[in-house]
Amino acid sequence: MLRERIITALVMVALFLAALFLLSPFGFSLVMGLVVVYAAWEWSDLSGLSRPLLRLGYVIAVAGLLLVAALYLGFSANAKPLSDQGHSLLVAAALWWAVALLWVQGYPSSAILWGSRAVRAVMGMLVLMPTWVAAVLLIHGDNGSWMILLVVAIVALADIGAYFSGRRFGRHSLASSVSPKKTLEGLLGGVLANVALVVILGLWLQLPVRQWALFGCVVMVTTLVSVLGDLLESMVKRHRGIKDSGNILPGHGGVLDRIDSLTAALPVFALIFISSGLQF
């Protein structure tokens, strides 16, 4: 299993970096759209849709939403997305994640609000569409590929720091009803791992103190909200009674299992980054 996980992880990293740095921003946006559409297939199962035609209909609905978002952004192969429209979508996404936080905190009692198949289906759309919008806005910005890579690095370090810190020091549960193995000590380990990232990048880029502090705030907020993305999917999987969202990735489960943290981290990072005017 470990060998399988490592091989799959290496292939995923290679494909992701190739798409990120070799494709045009438009091409990368299309690839991200395909990833999101496939993730919608997995979310249709989390929603409780069992019939293949219903699941296919859900996927088509999500693809339609992405098309509507693209038209709203004025997105095409020859034009950058409109930042003002994109900003409004990211604000709406941030408000959604605030609601998601309350639902995660209130689980299992909160399931009375979101446990129906219809609400879970809508929840998936609110999770997936802003992920694509944020990726499109970031990749078309200055140093877009590096900004996307930065968000992925933040999420990865939060995950790695939480894993090792949680295994060694974990005592106090973070959200026992949602994910019993996650601990406050693990969360702190993920935060500290990203503190190191802020220090290293600040020194390397020779950021002024004010910009360095602003960068640190962006990274810390992104770190914390990435945990929320993970917990939300865990909550829905627990309600559905399944361990993984799929099995397309050997040793890793489904696509949603790999991007759950990013679904929250990307929109929130993009919103703060664009609003703050932070530059590198």
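Residues numbered from 1 in each chain as written. Predicted model: local features only at pLDDT ≥ 70, side-chain atom pairs only at ≥ 80, totals over all residues. Heavy atoms only, no water.

J.: Would you mind going over the packing of aromatic side chains with me for this structure?
T.: Two numbers describe a pair of aromatic rings. These are the distance of the centres and the angle of the planes. This model, assessed by the stated rule, comprises eight aromatic pairs. With centroids separated by 5.5 Å and ring planes inclined at 15°, the aromatic side chains of phenylalanine 269 and phenylalanine 273 adopt a geometry described as stacked. With phenylalanine 269 and phenylalanine 273 both in helix α10 (residues 255–276) and four residues apart, the pair spans about one turn of that helix. Residues phenylalanine 269 and phenylalanine 273 agree in their burial class; the two are buried. Every member of this aromatic cluster is reached through a ring pair, and the members are Phe26, Phe75 and Trp132. Looking at arginine 55, its charged tip hangs above the ring of tryptophan 41, at a distance of 4.0 Å from the centre. (Phe/Tyr/Trp six-rings, centres within 6.5 Å; stacked < 30°, edge-to-face > 60°. Helix = DSSP H or I, 4+ residues; strand = E, 2+ residues; numbered from the N terminus. Buried < 20%, exposed > 50% of the residue type's maximum accessible area, 1.4 Å probe, protein only. Lys NZ or Arg CZ within 6 Å of the ring centre and 35° of its normal.)

J.: What exactly am I supposed to notice about helix α8 (residues 184–205) here?
T.: Over its 22 residues, α8 runs 31 Å from end to end, which matches the ideal 32 Å to within 8%, given 1.5 Å per residue. Buried within α8 we find Glu185, Gly186, Gly189, Gly190, Val191, Asn194, Leu197, Val198, Leu201 and Gly202. Remark: glutamine 206 follows α8 within two positions and exhibits a positive phi of approximately 55°. (Expected span 1.5 Å × (residues − 1).)

J.: So what exactly am I meant to see when it comes to the packing of helix α6 (residues 117–139) against helix α7 (residues 144–169) here?
T.: To describe two helices that pack against each other, one gives the angle between their axes and the distance between the axes. Between α6 and α7, the shortest axis-to-axis distance is 7 Å and the interhelical angle comes to 135°. Classified by the angle their axes make, α6 and α7 are oblique. Between α6, through Ala135, Leu138 and Ile139, and α7, the contact on the second element is made entirely by Gly144, Ser145, Met147, Ile148 and Val151. Split into classes, the residues belonging to the contact of α6 with α7 amount to six nonpolar, two polar and no charged. (Axes fitted to C-alpha atoms, helices over the stretch in contact; angles between N-to-C directions. Parallel < 35°, antiparallel > 145°, perpendicular 65-115°, else oblique. Contact = heavy atoms within 4.5 Å. Nonpolar A, V, L, I, M, F, W, Y, C, P; charged D, E, K, R; others polar.)

J.: Would you mind showing me how to read the nonpolar core here?
T.: As a rule of thumb, soluble globular proteins bury nonpolar side chains together. Grouped together as the largest cluster of nonpolar side chains are 75 residues, with contacts concentrated most on Trp43, Trp132, Leu138 and Leu232. Here this core gets 13 residues from one element, more than from any other, and that element is α6. In this structure leucine 138 touches Gly144, Met147, Ile148, Val151, Leu266, Phe269, Ala270 and Phe273, once residues within four positions along its chain are discounted. (Core = buried A, V, L, I, M, F, W, Y, C linked by side-chain atoms within 4.5 Å.)

J.: For this particular structure, what's the right way to read the pairing of strand β2 (residues 179–183)?
T.: In terms of strand pairing, strand β1 (residues 173–175) meets β2 through two bridges, oriented antiparallel. Among the inter-strand pairings, serine 173 is bridged to a residue of β2, identified as threonine 183. Where β1 hands over to β2, the hairpin turn is made up of three residues, counted between the paired strands. (Pairing = 2+ DSSP bridges.)

J.: Help me understand the side chain of serine 145, please; the structure alone is not making it clear to me.
T.: Locating serine 145 in the fold gives a position in helix α7. What serine 145 contacts, discounting residues up to four positions off in sequence, is Leu20, Phe21 and Ile139.

J.: Is there a simple way to think about the environment of leucine 187 in this case?
T.: Here leucine 187 lies in helix α8. Measuring from C-alpha to C-alpha, the distance between leucine 187 and glycine 166 comes to 7.7 Å, with 21 residues separating the pair along the chain. Look past the residues within four positions of leucine 187 in its chain and what remains in contact with it is Leu174, Leu224 and Val227.

J.: Help me understand unusual backbone geometry in this model?
T.: Here the residue pair tyrosine 107 and proline 108 is connected by a cis peptide bond, since its omega of 10° sits within 30 degrees of zero. Along the chain, the position of proline 108 falls in the loop between α4 (83–106) and α5 (111–114). You will see that asparagine 143, though not glycine, has its phi angle at about 50°, which is positive. Within the secondary structure, asparagine 143 sits in the loop between α6 and α7. The exposure class of asparagine 143 is partly exposed, given its relative accessible area of 43%. Its identity as a non-glycine residue notwithstanding, glutamine 206 has a phi of 55°, on the positive side. Mapped onto the elements of the fold, glutamine 206 is located in the loop between α8 and α9 (209–240).

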